[in-house]
Amino acid sequence: MQAKTVSRKPSIPPAVYNVPEIAALLDLNLIATYELTRREGFPAIRIGRRVIVPKAAFHAWLDGQAAAGK
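Conventions used here
- Residues numbered from 1 in each chain as written.
- Predicted model: local features only at pLDDT ≥ 70, side-chain atom pairs only at ≥ 80, totals over all residues.
- Heavy atoms only, no water.
- Phe/Tyr/Trp six-rings, centres within 6.5 Å; stacked < 30°, edge-to-face > 60°.
- Helix = DSSP H or I, 4+ residues; strand = E, 2+ residues; numbered from the N terminus.
- Buried < 20%, exposed > 50% of the residue type's maximum accessible area, 1.4 Å probe, protein only.
- Pairing = 2+ DSSP bridges.
- Core = buried A, V, L, I, M, F, W, Y, C linked by side-chain atoms within 4.5 Å.
- Contact = heavy atoms within 4.5 Å.
- Axes fitted to C-alpha atoms, helices over the stretch in contact; angles between N-to-C directions.

*Asks:* Explain the packing of aromatic side chains to me, please; I cannot follow it from the model alone.
*Replies:* Ring pairs (aromatic) are described by centroid distance and by the angle formed between their planes. Taken as a whole and assessed by the stated rule, the structure comprises 4 aromatic pairs. Ring centres of phenylalanine 42 and phenylalanine 58 lie 6.4 Å apart, and the angle between their planes is 70 degrees; this geometry places the pair in the edge-to-face category. Of this pair, phenylalanine 42 sits in the loop between α2 (30-37) and β2 (45-47) while phenylalanine 58 sits in helix α3 (residues 55-68), placing them 16 residues apart in sequence. We classify phenylalanine 58 as buried; its relative accessible area is 1%.

Okay, here's the thing in structure tokens:
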């Protein structure tokens with residue numbers, strides 16, 4: 001019988017997307033998505049080399065882009 005591994009990290013849904021998830025949501029390749037994360041006005045946050053995007057901010061940005069007709 002194997003011992004269960006106990007995680008100290010709580011199991012909660014993440015509040016952020018990573019770049020591959022944004023790429024999948026927008027049906028873009030990774031290079032285009034990384035370029036998007038560098039644009040002014042896009043809600044990306046850099047933590048060291050990692051890029052994350054808060055889910056609520058991403059959806060607000062996307063809705064704003066759709067409303068602006070961009």
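There's plenty left to go through after this.
*Asks:* Just to check I follow, could you spell out the pairing of strand β3 (residues 50-54) for this structure?
*Replies:* Successive side chains on a regular strand alternate, one facing one side of the sheet and the next facing the other. Summarising the sheet, strand β1 (residues 16-18) and β3 pair through 3 bridges and their orientation is antiparallel. Bridge pairing links tyrosine 17 to valine 53 in β3. Bridge count for β2 against β3 is 3 bridges, and the pairing is antiparallel. Across the sheet, isoleucine 45 pairs through a bridge with isoleucine 52, a residue of β3. Counting the residues in the hairpin turn of β2 and β3 gives 2 residues, including glycine 48, whose phi is positive at 65 degrees.

*Asks:* How should I be thinking about the nonpolar core in this particular structure?
*Replies:* Across soluble globular proteins, nonpolar side chains show a tendency to be buried alongside one another. Judged by nonpolar contacts, Tyr17, Ile22, Leu36, Phe42, Val53, Phe58 and Trp61 together constitute the single largest core of 7 residues. Aside from chain neighbours lying at most four places away, what touches phenylalanine 58 is Tyr17, Ile22, Leu25, Leu26, Phe42, Pro43 and Val53.

*Asks:* Please explain the sheet that holds β2 as it appears in this structure.
*Replies:* Within a sheet, neighbouring strands are paired by backbone hydrogen bonds and run either parallel or antiparallel to one another. Overall, antiparallel pairing links the 3 strands, which are arranged β1-β3-β2 in an open sheet. In this open sheet, the two strands that pair with only one neighbour each are β1 and β2. For this sheet the average axis-to-axis angle between neighbouring strands, irrespective of direction, equals 40 degrees. The sheet contacts of helix α1 (residues 19-26) involve β1 and β3, and relative to β1 the element is tilted by about 90 degrees. Sheet strands in contact with α3 are β1 and β3, and its direction is about 70 degrees off that of β3.

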